[in-house]
Amino acid sequence: MTERTRVRSLSGERSPSGEHSRLSRTFARARFDGRAVLVGYLPAGFPSVAGAITAMRALVEAGVDVVEVGFPYSDPTMDGPVIQAAADAALRRGVTTRDVLRTVEAVAVTGVPALVMTYWNPVERYGVTAFARDLAAAGGAGVITPDLPPEEAGPWLAATAEAELDPVFLVAPSSTDARLARVAEVSRGFVYAASLMGVTGTRARVGEQAAELARRVRAVTDTPVAVGLGVSTPGQAAEVAGFADGVIVGSALVKALLDAERAGEDPQAAVAALRRIVTGFAAGVRQPEPSMPRV
């Protein structure tokens, strides 16, 4: 059996075109290796468009499996103060939708899946079909839309299916079983499980409800589950990797760039520090703490 066949046999998920998506293949390979996927988030345009691209490529070099490109937005509902500060700076410096797409393109050429995290308003303003089309043309793998309810996502699901993008939706500890089933029905690539109620940010402990939420999602779908919000240390990444298919790290990475800029540090030194931080997280997801099987 070839490696490609083994990977296909480990993932029953197919993209709308009938082929396994890049995200699905990434999760399947990680599962084959007995580890979780590391998803790293940074916003486009911070500290500049070119600087964000350099930082995201550093994530890949340090062991990130999937890059989550944040679309800076003026009225976020899910972002904590660290990500808001970086996004606000990017907006003040004039980041545009085209810059986001250019960033995705620069990441995608590394061979690592790049997906966009965006609130719905920028997509609607750009044009639902046009955004899906142009993101796919840039090499994007999917889109996380935290404020788009599945019940209102019909046009978006059609557009992402046509463009062969994975639409990713969120669940939370407060989600009912019926809600989990509905979100799992429309999510592709993975289901984003928020570890706790609240906004993004580094925390001393990952929400205790995260493992139970992952278990509940698995009860209704075979789609991988990635846990985000609050993962701020390699130890926490290893903990989450023990019960989830993916570990999403955002604020801890953004904070490294934000602190470096505020301190007036050299951009190259900031990227080197970011690379060291990511190396720790990459080691964490490769040494999961046994909690519950990722099956």
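Residues numbered from 1 in each chain as written. Predicted model: local features only at pLDDT ≥ 70, side-chain atom pairs only at ≥ 80, totals over all residues. Heavy atoms only, no water.

**Quick word on the sheet that holds strand β4 (residues 142-144)**
Phase 1 of the analysis: As summarised here, the arrangement of the nine strands in space is β5-β4-β3-β2-β1-β9-β8-β7-β6, forming an open sheet in which the pairing is parallel. On the outer flanks of this sheet lie β5 (166-168) and β6 (170-171), each paired with one strand and no other.
Phase 2 of the analysis: With five bridges joining them, strand β1 (residues 37-43) and strand β2 (residues 66-70) adopt parallel strand pairing. Paired with Tyr 41 across the strands is Glu 68, a residue of β2.
Phase 3 of the analysis: Each of β6, β7 (191-194) and β8 (225-228) touches helix α10 (residues 210-218); the most contacted strand, β8, lies at about 155 degrees to it. (Pairing = 2+ DSSP bridges. Helix = DSSP H or I, 4+ residues; strand = E, 2+ residues; numbered from the N terminus. Contact = heavy atoms within 4.5 Å. Axes fitted to C-alpha atoms, helices over the stretch in contact; angles between N-to-C directions.)

**Focus on the packing of aromatic side chains**
A ring pair, where both rings are aromatic, is described by two values, the distance of the centres and the angle of the planes.
Phase 1 of the analysis: For the coordinates displayed, the defined rule picks out six aromatic pairs.
Phase 2 of the analysis: Look at Phe 27 and Phe 190: their rings are 5.6 Å apart centre to centre, the planes differ by 40 degrees, and that puts the pair in the tilted class. Of this pair, Phe 27 sits in helix α2 (residues 22-32) while Phe 190 sits in the loop between α9 (177-186) and β7, and the two are 163 residues apart along the sequence.
Phase 3 of the analysis: For Phe 27, a relative accessible area of 5% corresponds to the buried category.
Phase 4 of the analysis: Owing to a relative accessible area of 0%, Phe 190 belongs among the buried residues under this scheme.
Phase 5 of the analysis: A ring pair is formed by Tyr 126 and Phe 131, whose centres lie 5.8 Å apart and whose planes are at 85 degrees; its orientation type is edge-to-face.
Phase 6 of the analysis: Ring pairing ties together the aromatic residues Phe 71, Trp 120, Tyr 126, Phe 131 and Trp 156, which thus form one cluster. (Phe/Tyr/Trp six-rings, centres within 6.5 Å; stacked < 30°, edge-to-face > 60°. Buried < 20%, exposed > 50% of the residue type's maximum accessible area, 1.4 Å probe, protein only.)

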